[in-house]
Amino acid sequence: MSQTLGLTRLAYSRVWHQISASTPHNTLTTQPNVTPPSLGRLASRIAVILMGKHKPIWDPSTDCGDYVVVTNCAALHTTGKKMWRKSYYRHTTRPGSLKELTMDALMEKHGGSEILRKAVRGMLPKNRLRDKRLARLKAFEGDAHPYKDNLVRFGGVVVGSEGWEQAVEKIRESDKERL
């Protein structure tokens, strides 16, 4: 049986997700509603969304992932002493040109969005689709971003923001009354 039968165009459509790096999340944190998600948990969830593994049509050889907008990257949460001990290396292939930069120096130089981008890049599969998937990650230091009109909404409320569960319940109740 062919897998192209059915509403595949809708299944392959890309959706915009918004994640805040500074607000506590129920499923991504070790202490729900207390601490924001750590860098690794946040990056792994973003990598899953960029690959499209959360969709029922996922296939490793096709690019069916969604867009991700991450806000408040300036307030990334790391555990332990990673902020001062984790090193990032780069090399120009010339002798003696190995450069080392710690996470706090990289955050001062390029901001938290670059740290998050490096973490997500390391969690994506190393193949020809990695750069295309990483291009769909939009990371910002503050709350402001130009993609507000693209985010998924229920009843006019952005998914993941305050009160979006109540908007979904209103829609469900109105559908029950209509039926």
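- The chain goes by Large ribosomal subunit protein uL13m in an unreviewed UniProt entry, where it is assigned to Pochonia chlamydosporia 170.
- Looking at the Sequence similarities (unreviewed entry) heading of the UniProt record, one finds this comment for the chain: "Belongs to the universal ribosomal protein uL13 family."
- Per its UniProt entry, the chain bears the Subcellular location (unreviewed entry) comment "Mitochondrion".

## A short note on the packing of helix H4 (residues 103-110) against helix H5 (residues 112-123)
Stage number 1. One way to put it is that H4 packs onto H5 with a least axis distance of 7 Å and a crossing angle of 120°. Taken together, H4 and H5 sit at an angle that is classed as oblique. Residues Met103, Leu106, Met107 and His110 of H4 pack against Gly112, Ser113, Glu114, Ile115 and Lys118 of H5.
Stage number 2. Of the residues assigned to the contact of H4 with H5, the class counts are four nonpolar, three polar and two charged.

## Overview of the nonpolar core
Stage number 1. With 29 residues, the main nonpolar core has Ile46, Leu116 and Val120 as its most contacted residues.
Stage number 2. Counting only elements with at least two residues in this core, the list comes to helix H2 (39-51), strand S2 (67-71), H4, H5 and strand S5 (137-139).
Stage number 3. Per element, the largest residue contribution to this core is eight residues, and it comes from H2.
Stage number 4. For Ile46, the contacting residues outside a window of four places in its chain are Ile19, Val68, Val70, Leu116, Val120 and Leu137.

## A closer look at the pattern of salt bridges
Stage number 1. Summed over the entire model, instances satisfying the criterion amount to seven salt bridges.
Stage number 2. Of the charged contacts in the structure, one is a salt bridge between Asp131 and Arg121, with a shortest N-O distance of 3.1 Å. Taken together, the positions of Asp131 in helix H6 (residues 130-135) and Arg121 in helix H5 put the pair 10 residues apart, joining distant regions of the chain.
Stage number 3. Looking at Asp131, the relative accessible area reads 53%, which means it is exposed.
Stage number 4. One continuous salt-bridge network, built from bridges that share partners, spans Arg14, Asp63, Arg133 and Arg136.

Cut-offs applied
Residues numbered from 1 in each chain as written. Predicted model: local features only at pLDDT ≥ 70, side-chain atom pairs only at ≥ 80, totals over all residues. Heavy atoms only, no water. UniProt positions renumbered as here; feature names shortened; annotations may be inferred. Axes fitted to C-alpha atoms, helices over the stretch in contact; angles between N-to-C directions. Helix = DSSP H or I, 4+ residues; strand = E, 2+ residues; numbered from the N terminus. Parallel < 35°, antiparallel > 145°, perpendicular 65-115°, else oblique. Contact = heavy atoms within 4.5 Å. Nonpolar A, V, L, I, M, F, W, Y, C, P; charged D, E, K, R; others polar. Core = buried A, V, L, I, M, F, W, Y, C linked by side-chain atoms within 4.5 Å. Buried < 20%, exposed > 50% of the residue type's maximum accessible area, 1.4 Å probe, protein only. Salt bridge = Lys/Arg side-chain N within 4 Å of Asp/Glu carboxyl O.

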